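Read off the chains here:
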Amino acid sequence: MEPDLHELLRSLRVWDTELPAFAPEDAPADPLTLFTRWFAEAVAAGQAEPHTMTLATADEDGSPDVRTVMLHGADDDGWAFASHVTSRKGRQLAARPYAALGFYWPAQGRQVRLRGEVTTASPEESQADLHARSTGALAAALVGRQSEVLPSRAELDRASDAAWERAERIPDSPAPTWTLYRLRPDEVEFFQGDARRRHARLVYRRTEAGWTTGLLWP
């Protein structure tokens, strides 16, 4: 018997653990400081893969797209992630260099959402980012052809085996289409869940004079 999706959905509960307190009035003046603090607390709470995030883009016609990617870093220049410039997301960002990121850390009932312009790093910085990662990451990048039609799993196996051999033999092998991207947010929202549904939503907005903050209804 196939599972009943709606029955399963009704059986689920969220936040069956004690959630941390959050006082928006005590938040730091810039979102990066608060993000770093929350990220460290998510790691300490045992959140699985806290560095994964949702990346939303749109194509040249405005149709939205979304996927999960990995955070490569965050600083005053923006939140960084990487992909092939020839991939679907790469083509979409070339057509519309604006995107949104979303983090969800259910261990603490927290979300962080960002929107802003996306820029590309230099080829040298992009390759340095790639070679600072694992052998598996390099092998995957060397396979390339991301988002293209795959004729068969056998062809992927052959390409992957060759890429792994090269990555292990030449660990500084270049992957020319691999590109480091940075999203420089003009808006960052921090969401702290509450068991009584009195969620806290603090939003930072970038202005010429710096960051301003405000609250949103949950």
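Our subject in this report is the structure included herewith. (Residues numbered from 1 in each chain as written. Predicted model: local features only at pLDDT ≥ 70, side-chain atom pairs only at ≥ 80, totals over all residues. Heavy atoms only, no water.)

Looking now at the nonpolar core. Judged by nonpolar contacts, the single largest core of 27 residues is most densely connected at Phe-35, Trp-79, Phe-81, Phe-103, Val-112, Leu-114 and Phe-190. Among the secondary structure elements, those contributing two or more residues to this core are helix H2 (31-44), strand E1 (52-58), strand E4 (78-84), strand E5 (98-105), strand E6 (110-120), strand E7 (178-192) and strand E8 (200-207). Here the element with the most residues in this core is H2; it accounts for five residues. Apart from residues lying up to four places away in sequence, Val-112 is in contact with Phe-35, Trp-38, Leu-101, Gly-102, Phe-103, Trp-105, Val-188, Glu-189 and Phe-190. (Core = buried A, V, L, I, M, F, W, Y, C linked by side-chain atoms within 4.5 Å. Buried < 20%, exposed > 50% of the residue type's maximum accessible area, 1.4 Å probe, protein only. Helix = DSSP H or I, 4+ residues; strand = E, 2+ residues; numbered from the N terminus. Contact = heavy atoms within 4.5 Å.)

What follows covers the packing of aromatic side chains. Inspection of every chain in the model, using the stated rule, returns eleven aromatic pairs. Put simply, the rings of Phe-22, Trp-38, Phe-190, Tyr-204 and Trp-211 pair up and form one aromatic cluster. Of note, Arg-110 hangs over the ring of Trp-38, and the distance from its end group to the ring centre comes to 4.1 Å. (Phe/Tyr/Trp six-rings, centres within 6.5 Å; stacked < 30°, edge-to-face > 60°. Lys NZ or Arg CZ within 6 Å of the ring centre and 35° of its normal.)

Turning our attention to helix H5 (residues 135-143). Taken as a whole, H5 has its buried residues at Ala-137, Leu-138, Ala-139, Ala-141 and Leu-142. The inward-facing, buried residues of H5 contact E4, helix H4 (123-131), helix H6 (153-169) and E7. Just beyond H5, the residue with positive phi is Gly-144, at close to 65°.

If you trace the backbone, Asp-59 turns up in the loop between E1 and strand E2 (64-70). Beyond its immediate stretch of four places on either side in the chain, Asp-59 contacts Gln-92 and Arg-96.

Another point: H2. The end-to-end C-alpha distance of H2 is 20 Å, a good match for the 20 Å that 14 residues give at a rise of 1.5 Å each. Inspection of H2 places Pro-31, Leu-32, Leu-34, Phe-35, Trp-38 and Ala-42 among the buried residues, and these make up the whole buried set. Down the axis of H2, the buried set is contained in an arc of 160°. They therefore lie on one face. Looking at where H2 begins, the residue whose side-chain oxygen comes 3.3 Å from the main-chain nitrogen of Leu-32 is Asp-30. A positive phi of about 85° marks Gly-46, the residue just after H2. (Expected span 1.5 Å × (residues − 1). Arc of directions from axis to C-beta. Polar contact = N/O pair within 3.5 Å; in protein donor to acceptor, adjacent residues only side chain to side chain.)

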